[in-house]
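One letter stands for each residue in the lines below.
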Amino acid sequence: MTTKPSGNMRLKSARIAAGYHSQQALADALGVGVRQVRRWESEAPPRPQPEIGQALSRLLGQDLESLGFTAPPGQTVHQGRRAVLAATAAAVGLAAVPTQAAAMQPASVADDFESVTVSHRRLYWSVAPATLHPAALAHATLGCALMSETAGQTRQRIAAALAETWLLAGRIEFFDLREPGRAQQTLLRALQSAGEADAPLLGAAILAHTAFIPGWAGRQDEAAERMVAARTYARRGPASTELLAWLDAVEAECETRCGNTRTALHLIQHAESVLEAGGEYESPAWLDWFSATRLASFKGNTQLKAGHLPQARETLLSVLDALEPTEEKQATVVLADLAAVEAAAGNPDVACEYARRALDQLERTWYATGMERVREVRRRLAPHQHERCVRELDDRLYGWSTTVSALAR
């Protein structure tokens, strides 16, 4: 004959669903002694004091009566549940307010949601952005719903994965689809989710991405202000040298776009020193868009914009040799920048060859930023537009497949 579980199983189940797998973990989160939690999970649990009770309800996402405690005189169970649901929905912000009490999800839901987020992160480098973007948005919608059905550490993990998902969607909108206004709103949702997760490093990455938007539009003051915010968030966590160097690279690109190439080159030099010095903290798994090679790519573009053509050529050729086969989007940008170097140096034949290679890459992996760089090269080649190599480039640039792909995306 099986023995019926004893004690306050409602509280125990809610504790485990929220990711607190021991009584000590819940006690630490609330700042109380573990003996207090044991008493709450006993067969006759004493009702917590009001302040602690409110903290317990917020932490586990349920009212005290649903957690197995007797309602105080004069209050019905239904009233208490409504109050907690309203508070939880307001805290979530991104999710719709439920009309009735939602069943709390088990702690395993965080693992499942995170696994899809990680898969999307990897798919970004090979799947067409127009295909991946709707999937990322659908995943974000699911995450918003799960935020109101989870609590404690489980909810925090969902929020962090949700922030990364919104960040991915924002990156696609800005870099691949070239919709900066839409990207701004998406990145704001990412920042809200990072705040729910209390993830300052992820917040730093999101804020730095928002700096690209005014930076590419030439609004230097606005970009600089957002970079100050990004660096402030980075100081709040164990930032790796790669993350710190990437912040320098982002600011350098913004300065380059605003015509301040000298400042940009100083920032890149500082980033190189940071990477060389190393550090004690590992980079977060989501920081998969930056490396020493990517920094060199930033440098080559800045040298090009500064008119340092021999240096830019040398830097970009070394980057092209160092890129992995999977870094197809970055290869497009580097090839286009090499074409721009040769166009500026008065070598139209070589410039067109690099531009054609970039277009070959774009047919395999679309990247709006790469196509913009190729179009910049074509504008640089205007003085040579009657030469055969430029006409052949035009045939490729405005071929049926390339033109339709550009307009469709």
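Reading the values: the criteria
Residues numbered from 1 in each chain as written. Predicted model: local features only at pLDDT ≥ 70, side-chain atom pairs only at ≥ 80, totals over all residues. Heavy atoms only, no water. pLDDT = per-residue confidence, 0-100. Contact = heavy atoms within 4.5 Å. Core = buried A, V, L, I, M, F, W, Y, C linked by side-chain atoms within 4.5 Å. Buried < 20%, exposed > 50% of the residue type's maximum accessible area, 1.4 Å probe, protein only. Salt bridge = Lys/Arg side-chain N within 4 Å of Asp/Glu carboxyl O. Helix = DSSP H or I, 4+ residues; strand = E, 2+ residues; numbered from the N terminus.

### So, the confidence of the model for the chain
Part 1: On average, residues of the chain score 88 in pLDDT, and 89% of them are at 70 or above.
Part 2: Long-range and interchain partners of residues 77-101, a stretch whose pLDDT sits below 50, account for 33 contacts in this model, where long-range means more than four residues apart.

### Quick word on the nonpolar core
Part 1: Judged by nonpolar contacts, the single largest core of 99 residues is most densely connected at Tyr124, Ile206, Phe212, Trp246, Trp289, Phe290 and Leu381.
Part 2: The contact partners of Phe212, leaving out residues within four places of it in the chain, are Phe174, Phe175, Trp246, Val250, Glu253 and Cys254.
Part 3: Counting residues in each nonpolar core, the second largest holds 18 residues, with Leu30, Val37, Leu56 and Leu67 among its members.

### As for the pattern of salt bridges
Part 1: One pass over the structure, following the stated rule, counts 24 salt bridges.
Part 2: When the shortest N-O distance is used, the salt bridge between Arg294 and Glu327 registers 3.0 Å. Remark: Glu327 occurs in the loop between α15 (309-322) and α16 (328-344) and Arg294 occurs in helix α14 (residues 292-306); sequence separation between them is 33 residues. The same class applies to Arg294 and to Glu327, which are both buried.
Part 3: Glu342 is the salt-bridge partner of Arg313, the closest N and O atoms lying 2.7 Å from each other. Of this pair, Arg313 sits in helix α15 while Glu342 is found in helix α16, placing the two residues 29 residues apart along the sequence.
Part 4: For Glu342, a relative accessible area of 5% gives the class buried.

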